[in-house]
Each structure stands twice: as C-alpha cells, then as structure tokens.
Amino acid sequence: MLQLLLVIVAVVGLLMVMRREAGALPALGVLAATGIVGVLFGAPLLGILLLIGAVAVAACGLPALRSKWLTPRIFATFKKVAPRVSDTERTALEAGSVGWDGELFSGKPNWDALMAYGDDGLSDEERAFIDHQCNVASGMTNAWDITRERADLPPELWEYLKKEGFFGMIIPKQYGGLGFSAKAQSAVLQKLAVNETLMVTVGVPNSLGPGELLLKYGTQQQKDHYLPRLADGREIPCFGLTGPRAGSDATSIPDTGVVCKQVVNGEEVLGLRLNFEKRWITLAPIATVVGLAFRMFDPDGLLGGENDLGITCALIPRDTDGMEIGRRHHPIGSPFMNGPIVGKDVFVPLDTIIGGPDMAGQGWRMLVECLSVGRCITLPSGATGTSRYALGWSGGFARIRRQFNLPVAEMEGVQEPLARIAALSYISQAAVIQTANMIDKGDKPAVPSAILKSQLTEFQRDLLSHAMDIHGGKAVTLGPRNYIGIGYSANPVAITVEGANIMTRNLMIFGQGAIRCHPYVLDELAAKDADDLKAFDKAFFGHAGLIFGNTARAFTQGLGLGKAATPFDEVAAPYAQEVARISAGFGLCADAAMASLGSALKSREMVSARLGDVLSNLYLTSMVLKQWHASDKVESEAALLHYSCRLLLHRAEQALIELFDNLPNKGLGKLLSWLVMPLGRRWTTPHDDLTREIAQQVSRHSALRSKLLGNTWDQQEEGQQDNPLARYNALLVDYDRAEALYRTVNKAYAKGELPVEALHPEQRFAAAREAELISEEDARFMAEYEAEVLDMLTVDDFAFDAFAQQQEKVVWHNAA
C-alpha cells in the first residue's frame, strides 16, 4: 500500500511540477522527499529508485551541473543536425510579429493576451464611406455585363472609384488618401465582394504594391510625387513579381537589373539595365506605374560593393522605353485586369529603386514584411464578403423555392449545406475582424496571414459549392440573372494567388511558425550561429521544460483534469478550454516532429501540413471566441457558435489523428496518441439539431440572418443595377404571411375545393378568391408575391448564335 501511495504521490507531484514548468529543483524535491520516505518507512527498493531519479534530475536539470558535462555534448550534436536557415528564409522568419499564434505554439495560451486587443470599431468617416460610397460602387456592377459583355468595369465606375479615393485607402490623409484602418479596409472589400472583379480591382492597389512599399520604404521625394497621384487615381499601380519560372518561389526570380552607365539627354547617368518577363500581374494592362522586383547585379563595381546585391524593387513609369505592357491574360471566371509585362534592355536611373540606392538588395525583406499584412486583408476579406452574399442569396432562394408543397429550406438535405455556409461565414467574419483589429493595434501577423489566406479562401471554395447545389438550375444557367455562377467559376483565382494554398498549407503555416512562433527554437538557432554555449543551455533546457510541461498539460487535460482558466462565459468557456488542451498537444507534437525528423521535416510536407492544420483550426476557434466575447449576441447565435467551434475542433483533432498515423516513427505516433488523446477523440461533427436551427434562422427574416448579412450591399435604389439580395430580403419580410396563405390554398386544393386544372400557384390563388377562401387583399398580395418569386426563379435564354464569337462558324442545325 505504501509503495502504491508513494508512486501516486511522486507521479502527481511531478505532473504538477511539469504543468507549471517549475524547473528541476521542485522535481528534485518531489523525488527526493518520496525516496527518503520510502527508504525510512518500509519501501527501500522504491525509495532508492526514486532517489536515483532525483540524482539524475539534478545532474541533467541543475544548470551548475549539466553545463559541465551534458550541455556541451548536446550542443555539438545540435550543430550537426539543426536545419540550416538560408538568408531568404531568415528574412521571412524575421518579418512580421508574433502574437496569439505564439501563444498557441506555447501550449499554454494566455487568454488575457488575446482579450487585451480592444476593439474601437470604425470611425464615423469610415462607417459613412462603407454605407454610402461602397453601396454606390456596388450598385454599378452586374456580373454578366462586366464579365461577358465588356470584360471590364464600366467607365463610370472607374471614374467613381478614382474620385472617391478607393485606390488610396491605405494612403495617409496628408498625401490625399483616406487613411483607413485595417478593419475599414476589410469592411470595404467585404461589401465590394458582391462582384469579384470590383473587389480585386480595389483590393490589389491597397495590398501588396507600390503604395504600401512607398509608404514604408520610399524616399520622401518618391512619397511626395507618387502617393497623392496614387490616392486620387491619376496613377494606377501594378507590381511585377511573378513570372513563368517564379511563382510561389518568388526568391528564384530570373529577372535582372545590372548597374551601368548610359547617356540620357546628353548626360551620363548611373542606373540599371533591366531585362524581365513577368506574368499574372494584376492591373498591368492599365497600369501607369509599374513596381518591379528583380535580381540586382553590379559586375563592374560601380557602387563599390558586392557583385550580387540581391532582390531589389523599383518603380518604373509605363512609358519607359523597352517595356512592353498592355496585353491581357484571361483569368478564369473574372475579367479583372491582369496581364504580362516584358522588358528588354530597359534603362532606368538608380533613383527609381524604391527607397533609393540605399535600399538596393532589400527587396525580399520589403516584400515579405508588406505581404504579412496585405495577405491578412485582401483575399480573406474578399472570401468573407463572398460568404455573406452566398449565405444571403442561398437562404433567400431556399425559402422561396418550393418543391413538394413546401420550401426547400425545410428539407434536411438543403438545411445541411445551408448551415455549413452560415458557419463558414461566421468563422470567416470573426477571423478577419479580429485579425484586422490586431493589425490596427500594431501587430504584423505573418503566420496568421498565411492561415487566413489559405483557410478562408478554401472556405470560400467549399461554401460556393454548397451555394451552387442549393440553387440548382438557377446557378448553372449563366446570364444577367445569375448572381453566383460567375463568382463560383472565379474562385480558383483566390486559391492560387498571393501564395498558392498548396504551398501555404504544406510549407508556410507550420514551417514558418515552428521557428518564428516557437518560444525557444529561434533562440536555439541563434545560439548555434553565434557558437554561444551559455545561450544554448538556457534556450535548450527552457525548451525541454516546455516539452515536459506540454506533455503534462496535454495528458491531464485529456483526462479532464486541471482545465485551463478562461475569461469567457459559460457558453464559450468549454471551447476555450479545449483550445488550451489541444494547444498543449499541438506543442508536444510539434516538438516531437522536429526532434524525430530534424531537417527532413522540410521535405515531409504532409506532416507539416497536418501540424499547420491543427494550428489553423485553433487560431480560427480563438477568433470565433473573441468575436463572441466582444459583440452583442442575437437569438440563435449560440447555436452557430456551437456549430462553428465543434466543426473547427473536430478538424483539429482529425489532423492530429492523421499525424499520429503518418509519423515515420510508428512507436512515437502511438505514444503521442496516448499522451494527447488518452480518452480518444472528443469532437464529432456538429449535431443535426444545430443544423436545423441555423438553417431555419438564416432562411428567414431573423436577427441572426441580419447580423450575418451586415456589411453587404442590401439596398435597391433607383438607377442601380438589380440587387437580388435586397429582393430576397424583401420577400422574406413577407414570407410568414405568404406561407399561411400557401397552406390554406394547398389544403383546399387537396380537398378538391379548387379546380383540378389550377396547377400554377397564381391559378390557385385566383380560384381561392372566387371561392371566397381568401380575401381580395390576400389575393392581390399573393399575385404580387408570386410574380416576384417567379421572377427570382427565372433564368435567362439567348438567341441560338449569341455565344459564338465568330458568327461564320455557327452551324444552323434547323435552318428553316
């Protein structure tokens, strides 16, 4: 009995020490105390074993002892097996800042750190712009007109965008820009996502491009000249980075700029001779100024430094001799301006380098620092806006579309994808709002930018597929009435650009986060590079303490013991505790993967991707919880919170299970499974009851629907293009009255009280009026209601030869 008691005391004591990462001395105390008790009170063998354990802890854990014999041996091994970090990788790792992503990597997230990001909301000026200018711009768009008839935005829309400063959202007011916050930029793009061409056209100049690069790195002369012109649309910018042989691997660009001298207007000028071939450059066909990334060389030593100066960014006017620009690519599903730029022996003076000659070779750092912010906003905001519109259209359509005498929104087969759209929209909204708020508070979130870009554009792909399924024939028949089909076909653009999702998921999220966000790895690598044994000892054994801590936290919380403290209410707190539990397991698995695979982890992309999936889902869950905490609640929002968190936690656990099954060391996988999930998985897919409740709410005129559709173009004003969302909303306001009349008339028809040939709703309501089953007012109401429903269900048809660009090739099969 004494032996069992001592074992229990020792194990519990060690677990408590490990959970708190209290260090070697408390662990030594636990083992020594229990060992002495065993020796003195009848359990000598166990006592001796515990004392031996205490000696081992002292030798390995106390700095004064381990530094004499253990640390030098570990350091020597570490220098042999640690992955080499290239200069370009180091630049990427040092870009941006670490915030909540670092807390999740630690395995013990401090929720107070997340709550510290207070939200001041939008300014009155920003709100007014979103409510007015964004509505006006949205009301000028029709997907069919833009995509199929003109392959461009209407000229009056271009002028409006320039006049109202849409291209200068990030430019400070002192230069004539709007000076908007990150939250306002996101809100603008979400509303403009009613049309993907419009969103991209406005989003790109306010993201990675000359404007942001000039703001952060430009000379004062460059800022004074270009920023006012970019703000009011006199200059339209593009940025040439990618090419035929350099897409996601932007550091491999083969385009060159060679330092040379050339006579210009009778004077010898020191400059660059550029040769480049760029592809997939948004706004290039109409750009007036081109930002260009290239590899800079100085073979003749004209600058007095190295031959290979590295990646450099310059700003080149469109009319520069030797530059070919103006042709267009045809992006799938969307005619936003995109095209190639080619330059042969293009000479530009050195002062075209962004930031001047002193910034030569700093282009890669400039790009990754800007991208860490821009990638958080543009495409994630566009995807979130798309989710709002897809939800509004799908919920409205599912409610007015009737089959088998009831709305298809009452069919569980439709409710399932409808609830999924609502949840993905809810998650996306929380993620972009809360991350933009972090940016406004000074963060430059590098890893979260990769999470948001890849995860939210994948959500967009998922929910648009569901929306297409719900709409059926309405969505697959293109024409001016089809508000979703063209956007659906354009979705691969968002998946591919600004870092293809395959690369982002497999390489960037965990690959960058494992070093950048980990509490100790970067310090260990720095100690290796500096050959600093003392710094390595501190970092390595701090890292070891973290591993022990995460082991204890994951295991005990997996058993339901010692749940983490959280600042949330009783609805959200259980999910926050689960984030903490899985975070501890994630931290342990991350260290296990790095230790067991070493530098080979770089090439084990599927392992890295699954670790990235865990981190991504924990981050998104955290953003949902923060949004729940910060915002006013509406009826049935709790159901949506439950659905969203359960979906994300289920995905996180699934990624862990797949990781355990696929680690090369099978024994390690089984051990991690036992430590991280001692009672098996906890989260299944959301329950059907949640699905039914959510689908009912988002397909009716409800508070939940209104909240989810906030910040959309939902007005129909005179002179604007047709707004299907506004029309659906109007129909839903009247739905309850209409549904009662549907039931009355259909019941009468089933009883034979109406003519059997009254097959159309209009005929039945007219017959019901004649039979005095409904009033004249109700009959008139339903005539108008049904006319609007039929118009919303109608699809377009065209002349037989309407789609042929070459009329002479049309075959008239029935010429007569």
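Quick note: structure is the one above.
Residues numbered from 1 in each chain as written. Predicted model: local features only at pLDDT ≥ 70, side-chain atom pairs only at ≥ 80, totals over all residues. Heavy atoms only, no water.

1. Quick look at a nonpolar patch on the surface
Part 1: On the surface, a cluster of nonpolar side chains totalling about 880 Å² of accessible area is made up of Ile-36, Val-37, Val-39, Leu-40, Phe-41, Leu-45, Ile-48, Leu-49 and Ile-52.
Part 2: Counting through the fold element by element, Ile-52 comes out in helix α3 (residues 44-61).
Part 3: Accessibility expressed as a relative area gives 51% for Ile-52, which makes it exposed. (Patch = residues over 30% accessible without salt bridge, like charges linked within 9 Å, V, L, I, M, F, W, Y side chains within 5 Å. Areas by Shrake-Rupley, 256 points an atom, 1.4 Å probe, with all protein chains shown as cover. Salt bridge = Lys/Arg side-chain N within 4 Å of Asp/Glu carboxyl O. Helix = DSSP H or I, 4+ residues; strand = E, 2+ residues; numbered from the N terminus. Buried < 20%, exposed > 50% of the residue type's maximum accessible area, 1.4 Å probe, protein only.)

2. Thoughts on the pattern of salt bridges
Part 1: A full pass over the atoms with the stated rule returns 43 salt bridges.
Part 2: The residue Arg-737 makes a salt bridge to Asp-778 at a minimum N-O spacing of 3.0 Å. With Arg-737 in helix α31 (residues 735-750) and Asp-778 in helix α33 (residues 776-793), the pair connects residues that are 41 residues apart, well separated along the chain.
Part 3: It is possible to trace a salt-bridge network through shared partners that takes in Arg-481, Asp-722, Arg-727, Glu-788, Asp-791 and Asp-796.

3. Thoughts on helix α15 (residues 220-231)
Part 1: Taking 1.5 Å per residue, 12 residues should reach 16 Å; α15 reaches 16 Å between its end C-alpha atoms and fits that length.
Part 2: Gln-222, Lys-223, Tyr-226, Leu-227, Leu-230 and Ala-231 are the residues of α15 that are buried. An end-on view of α15 places all buried positions within 125° of arc, on one side of the element.
Part 3: Positioned one or two residues after α15, Gly-233 has a phi angle of 85°, which is positive. (Expected span 1.5 Å × (residues − 1). Arc of directions from axis to C-beta.)

4. Regarding the packing of helix α4 (residues 63-81) against helix α23 (residues 533-558)
Any two packed helices are characterised by how steeply their axes cross, that is the angle between the axes, and by the distance between the axes.
Part 1: As a packed pair, α4 and α23 sit with axes 10 Å apart at the nearest point and diverge in direction by 90°. Taken together, the axis directions place α4 and α23 in an arrangement best described as roughly perpendicular. Within the contact between the two elements, α4 uses Arg-66, Leu-70, Thr-71, Pro-72, Ile-74, Phe-75 and Phe-78 and α23 uses Leu-533, Phe-536, Asp-537, Phe-540 and Phe-541.
Part 2: Looking at the contact of α4 with α23, its residues break down into 9 nonpolar, 1 polar and 2 charged. (Axes fitted to C-alpha atoms, helices over the stretch in contact; angles between N-to-C directions. Parallel < 35°, antiparallel > 145°, perpendicular 65-115°, else oblique. Contact = heavy atoms within 4.5 Å. Nonpolar A, V, L, I, M, F, W, Y, C, P; charged D, E, K, R; others polar.)

5. Structural notes on the packing of aromatic side chains
Part 1: Taken as a whole, this structure holds 23 aromatic pairs when the rule is applied.
Part 2: Look at Phe-105 and Phe-586: their rings are 5.0 Å apart centre to centre, the planes differ by 70°, and that puts the pair in the edge-to-face class. Linking Phe-105 in helix α6 (residues 100-106) with Phe-586 in helix α24 (residues 573-597), this pair joins segments that are 481 residues apart in sequence. Phe-586 carries the same exposure label as Phe-105, and that label is buried.
Part 3: Taking 5.3 Å as the distance between ring centres and 40° as the angle between the ring planes, the aromatic pair formed by Phe-800 and Trp-812 counts as tilted. Of this pair, Phe-800 sits in the segment after α33 while Trp-812 sits in the segment after α33; the two residues are 12 residues apart in sequence, bridging distant segments of the chain.
Part 4: The exposure class assigned to Phe-800 is exposed, which follows from its relative accessible area of 53%.
Part 5: Looking at Lys-79, its charged tip hangs above the ring of Phe-75, at a distance of 4.6 Å from the centre.
Part 6: Sitting over the ring of Phe-781, Arg-737 keeps its end group 4.0 Å from the ring centre. (Phe/Tyr/Trp six-rings, centres within 6.5 Å; stacked < 30°, edge-to-face > 60°. Lys NZ or Arg CZ within 6 Å of the ring centre and 35° of its normal.)

6. Looking at unusual backbone geometry
Part 1: Residues other than glycine seldom take positive phi values, yet Ala-151 does so here, at roughly 50°.
Part 2: Of note, Ala-151 is situated in the loop between α10 (143-149) and α11 (155-163).

7. Quick word on the nonpolar core
Part 1: Core analysis: the biggest nonpolar cluster contains 133 residues, and Leu-625, Leu-656 and Tyr-785 have the highest contact counts within it.
Part 2: Beyond its immediate chain neighbours, meaning those up to four positions away, Leu-625 contacts Trp-111, Phe-568, Ala-572, Tyr-575, Ala-576, Val-579, Leu-641 and Cys-645.
Part 3: Listed in part, the 87 residues of the second largest apolar core include Ile-341, Ile-353, Val-373 and Ile-439. (Core = buried A, V, L, I, M, F, W, Y, C linked by side-chain atoms within 4.5 Å.)

8. A word on the pairing of strand β5 (residues 308-317)
Consecutive side chains of a regular strand alternate in pointing toward one face of the sheet and then the other.
Part 1: The buried fraction of β5 is high, at 7 of 10 residues.
Part 2: Pairing between strand β4 (residues 289-297) and β5: 9 bridges, direction antiparallel. The residue bridging Val-290 from the neighbouring strand is Ile-316, located in β5. (Pairing = 2+ DSSP bridges.)

9. Quick notes on the pairing of strand β2 (residues 256-264)
Part 1: Sheet topology note: the β2/strand β3 (residues 267-282) ladder contains 9 bridges and is antiparallel. In the sheet register, Val-258 faces β3, and the bridge partner there is Arg-273.
Part 2: Linking β2 back to β3 in an antiparallel pair, the connection comprises 2 residues, with Asn-265 at a positive phi of about 55°.

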